[in-house]
Amino acid sequence: MEKFTTLTGIAAPMPLINIDTDMIIPKLFLKTIKRSGLGVHLFDEMRYNQDGSEKPDFVLNKEPYRNAKIIIAGDNFGCGSSREHAPWAIADFGIRCVISTSFADIFHNNCFKNGILPIRLPKEDIDKLMDDASRGANATITIDLENQEIKGPDGGTIKFDVDPFRKHCLIEGLDDVGLTLQREEQIKNFEEQRAASMPWLVR
Amino acid sequence: MGNPRTLFDKIWDSHLIETQDDGTSLIFIDRHMVHEVTSPQAFEGLRLAGRKVRHPELTLAVADHNIPTSDRSNGIVITNEESRIQVEALEKNTKDFGVPYFAMDDIRQGVVHIVGPEQGFTLPGATIVCGDSHTATHGAFGSLAFGIGTSEVEHVLATQTLLQKKSKNMEVRVEGALPPGVTAKDLILAIIGKIGTAGGTGCVIEFTGQAIMDLSMEGRMTVCNMAIEGGARGGLIAVDEKTINYVKGRPMSPKGAAWEAAIEYWKTLKSDEGAVYDETVIIKAEDLVPYVTWGTSPEDALPITAKVPSPAEARDAGKASAIERALKYMGLEAGTPLNEIEVDHVFIGSCTNGRIEDLRAAAAVAKGRKVADGMKAMVVPGSGLVKEIAEEEGLDQIFIEAGFDWREAGCSMCLAMNDDRLAPGERCASTSNRNFEGRQGRDSRTHLVSPEMAAAAAITGKLTDVRDLLKEGN
Ligand code: SF4
């Protein structure tokens, strides 16, 4: 997994609440058997007309947001399905950080596993960042994961919380499966104890 | 005995391998269901890393999302190439890694969340995961069941464990009894309407109270299925006699001495007296009527007797603009009575309402009636076995005579990944679980309802209070 330390980039404002996974990546694009290549379909129905032309009003179709690396979003971002295609599409587009007041659980989890940092902030901070983001090219902000800080275009900083284990994995680019396989002995012991105490679960 | 524990605490504790200082826990997974859409990249990951599936026997794979629901008597042809590749990938992956797989032409094939309970793969007190958010369904059996992403699918395949932080535990207590004509689906829509799509975020919801325990296992599955639409990771319901009777004698459920030991334990699977929840929401069942959704989020649920809301009634600016957007998308005017909204399609099926009891309920409404002119109504059984039982009972004939299309098992128009989908602007009364923009086809419009309400809408051509229709007689 790609490491995440600091990120500086354009932030795109998406104030709509409840942006769901069907909006992030419509199911039409779930038919892939690969992880890559979904970025062009990110927010497909909001971003393109039926004939494939771009909808000029959609934020990621406007300069400078075409190159956004960060999204500032309305409440409850990523609700809906468990599809990891949502973070894959986001990452493939080049976005590495999503900031909102709240996220759906599965999506939140899936982000960390794909090198994306989801940041939860109080409403006032989101309003401020949304405002910053709508200033276009002047909307460059910096995310410093090590120090858990967001630096706005006007030099102000906002602190954020992040789960220490998730932070460690992001900074080091660690993969969960590899980490867990180091716990072989503990898993084996558990399996033996389970077979004895709940034999009906063994098949 | 220690402190009183909730049902969630009990299952969690019995699956905990270890916990790190920050609360990240490694838990053991008893059952893992796999389908074609969220697994190819997980198997690819295993291959690249040279890893094996740790417990193929605790894994069960079935293709459901992509497969056609048209007549299968002359074999199954998936015309869309990408869909076909995805199903073929599942066939190959399960073969290469030794994972049990129900092929497309196997009568046991169906929607994963219908197949698991039907086969006795789903067991009380177990941890159950699947790369699909509606895994919450299995919580109806007093099992801790939740959806995971593809990276986690890979993690479970490789290690049979998951890294999790313990969720909070919310209780939704439904007091009293549901009035006649009000179903499990209406109840869960009402609950989501009350708590909102983010109401359960970070929680596992235990559904308690008389109205819940009165439900059949099918009804409980409908409720838990949609816990995710209330933002929760999982839904849970205590084990009782109904649970045990449902599991008994299923092909994969325990037998003999193991069965006896299991039921002793399963009977303890309820929250202790005095156990503490992080939050409790109380719903009065007596007050409920049939519910429908009007908008593009499951929380846009209202009694059928209500009217389409206006942005002016919203609790805040964010919700007001969401209402405005939903009205535009749905092609609705604020103030329109919900029972005047005309629909041109009806879909009965999905892991929410594609079980035999759902089909029976819809057939009871359809019996001796005819679908409205121009109406396209389809019934898609949740599995090949549900279809078989329905045909034995003659339900297929009732539907066909009423003018419904009787189809083969699959996810179908619940998410329209196969050919069953709406054209732009078409409007459907659907027994599925999501009414998101584009869910049933680009620019399609979905109203979520119970099977009874869906059948009633098919007959009248508009959203209808099924209680009125039944009152009128034929
Ligand atoms: S029926 Fe619908 S909700 Fe259920 S698994 Fe299939 S697509 Fe998902």
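Just so we're clear, the structure is a prediction, and the values are computed from it rather than from any experiment.

## A look at the overall build of chain A
Now for step 1: Along chain A, the regular secondary structure elements total eight helices and seven strands.
Now for step 2: Along the first, second and third principal axes, the C-alpha set of chain A runs to 60 × 45 × 25 Å.
Now for step 3: Residues counted as buried form 60% of the 203 residues belonging to chain A.
Now for step 4: By element, 50% of the accessible surface of chain A is carried by carbon and sulfur atoms, the whole surface being about 8200 Å².
Now for step 5: Here chain A holds 25 positive side-chain charges and 31 negative ones, and the gap between their average locations is 4 Å.

## Describing the UniProt feature "domain: Aconitase A/isopropylmalate dehydratase small subunit swivel" (unreviewed entry) in chain A
Now for step 1: Residues given the UniProt feature "domain: Aconitase A/isopropylmalate dehydratase small subunit swivel" (unreviewed entry) here are residues 1-123 of chain A.
Now for step 2: Helix makes up 21% of residues 1-123 of chain A and strand 17%, with an end-to-end C-alpha separation of 31 Å.

## Re the packing of aromatic side chains
Now for step 1: With the rule as written, the count across this model stands at twelve aromatic pairs over all chains.
Now for step 2: Between F43(B) and F97(B), the aromatic rings sit 5.3 Å apart at their centres with planes inclined by 40°, giving tilted as the arrangement. Here F43(B) is found in helix 2 (residues 40-49), whereas its partner F97(B) is found in helix 3 (residues 81-97), with 54 residues between them in sequence.
Now for step 3: By relative accessible area, F97(B) is classed as buried at 14%.
Now for step 4: Put simply, the rings of F77(A), F103(A) and F107(A) pair up and form one aromatic cluster.
Now for step 5: Here the guanidinium or amino end of R31(B) rests over the ring plane of F121(B), the centre of that ring lying 5.5 Å away.

## With respect to the site of the ligand
Now for step 1: Around the ligand lies a shell formed by H65(B), V111(B), H113(B), D132(B), H134(B), S350(B), C351(B), C411(B), C414(B), L415(B), N433(B) and R439(B).
Now for step 2: Looking at the shell around the ligand residue by residue, the class counts come to five nonpolar, five polar and two charged.

## Looking at the side chain of Q148(A)
Now for step 1: Mapped onto the secondary structure, Q148(A) falls in the loop between strand 5 (140-144) and strand 6 (149-151).
Now for step 2: According to the relative accessible area criterion, Q148(A) is buried, its value standing at 18%.

## Describing the packing of helix 6 (residues 184-195) of chain B against helix 8 (residues 217-225) of chain B
Residues and elements named next belong to chain B.
Now for step 1: Running from N to C, helix 6 and helix 8 point in directions that differ by 25°, and their axes come no closer than 8 Å. Classified by the interaxial angle, the pair formed by helix 6 and helix 8 is roughly parallel. For the pair helix 6 and helix 8, the sense of crossing is right-handed. Here helix 6 contributes A184, K185, L187 and I188 to the contact with helix 8, which in turn contributes G219, T222 and V223.

## Structural notes on the pairing of strand 4 (residues 117-120) of chain A
Residue and element names in this part refer to chain A.
Now for step 1: Here strand 3 (residues 97-100) pairs with strand 4 via four bridges, running parallel. When the sheet's bridge partners are listed, V98 is paired in strand 4 with P118.
Now for step 2: In terms of handedness, the path from strand 3 via helix 4 (residues 105-112) over to strand 4 forms a crossover that is right-handed.

## Here's the deal with the UniProt feature "binding site: [4Fe-4S] cluster" (unreviewed entry) in chain B
Residue and element names in this part refer to chain B.
Now for step 1: Taking the UniProt record as the reference, the feature "binding site: [4Fe-4S] cluster" (unreviewed entry) is found at C351, C411 and C414. Spanning 64 residues, the named residues nonetheless gather at one spot, since no C-alpha pair among them exceeds 8.7 Å. The subset of these annotated residues that lines the largest cavity comprises C351, C411 and C414.
Now for step 2: Among the structural elements, C351 can be located in helix 12 (residues 350-353).
Now for step 3: A residue is classified by how much of its surface remains accessible, and C351, at 7% relative accessible area, is buried.
Now for step 4: Setting aside its immediate chain neighbours within four residues, C351 contacts V111, H113, I114, H134, T137, N225 and N433.
Now for step 5: Summarising the element assignment, C414 is placed in the loop between strand 17 (405-406) and strand 18 (427-430).

Quick notes on the rules
Residues numbered from 1 in each chain as written. Chains lettered and ligands numbered in written order. Predicted model: local features only at pLDDT ≥ 70, side-chain atom pairs only at ≥ 80, totals over all residues. Heavy atoms only, no water. Helix = DSSP H or I, 4+ residues; strand = E, 2+ residues; numbered from the N terminus. Buried < 20%, exposed > 50% of the residue type's maximum accessible area, 1.4 Å probe, protein only. Areas by Shrake-Rupley, 256 points an atom, 1.4 Å probe, with all protein chains shown as cover. Lys, Arg positive; Asp, Glu negative; His and termini not counted. Charge placed at Lys NZ, Arg CZ, Asp CG, Glu CD. UniProt positions renumbered as here; feature names shortened; annotations may be inferred. Phe/Tyr/Trp six-rings, centres within 6.5 Å; stacked < 30°, edge-to-face > 60°. Lys NZ or Arg CZ within 6 Å of the ring centre and 35° of its normal. Near = heavy atom within 4 Å. Nonpolar A, V, L, I, M, F, W, Y, C, P; charged D, E, K, R; others polar. Axes fitted to C-alpha atoms, helices over the stretch in contact; angles between N-to-C directions. Parallel < 35°, antiparallel > 145°, perpendicular 65-115°, else oblique. Left-handed = near helix turned anticlockwise from the far one by under 90°. Contact = heavy atoms within 4.5 Å. Pairing = 2+ DSSP bridges. Right-handed = clockwise from strand over helix to strand, strands pointing away. 1 Å grid on protein atoms, 1.4 Å probe; cavity = no way out; pocket = protein on both sides within 12 Å on 5 of 7 lines; lining within 4 Å.

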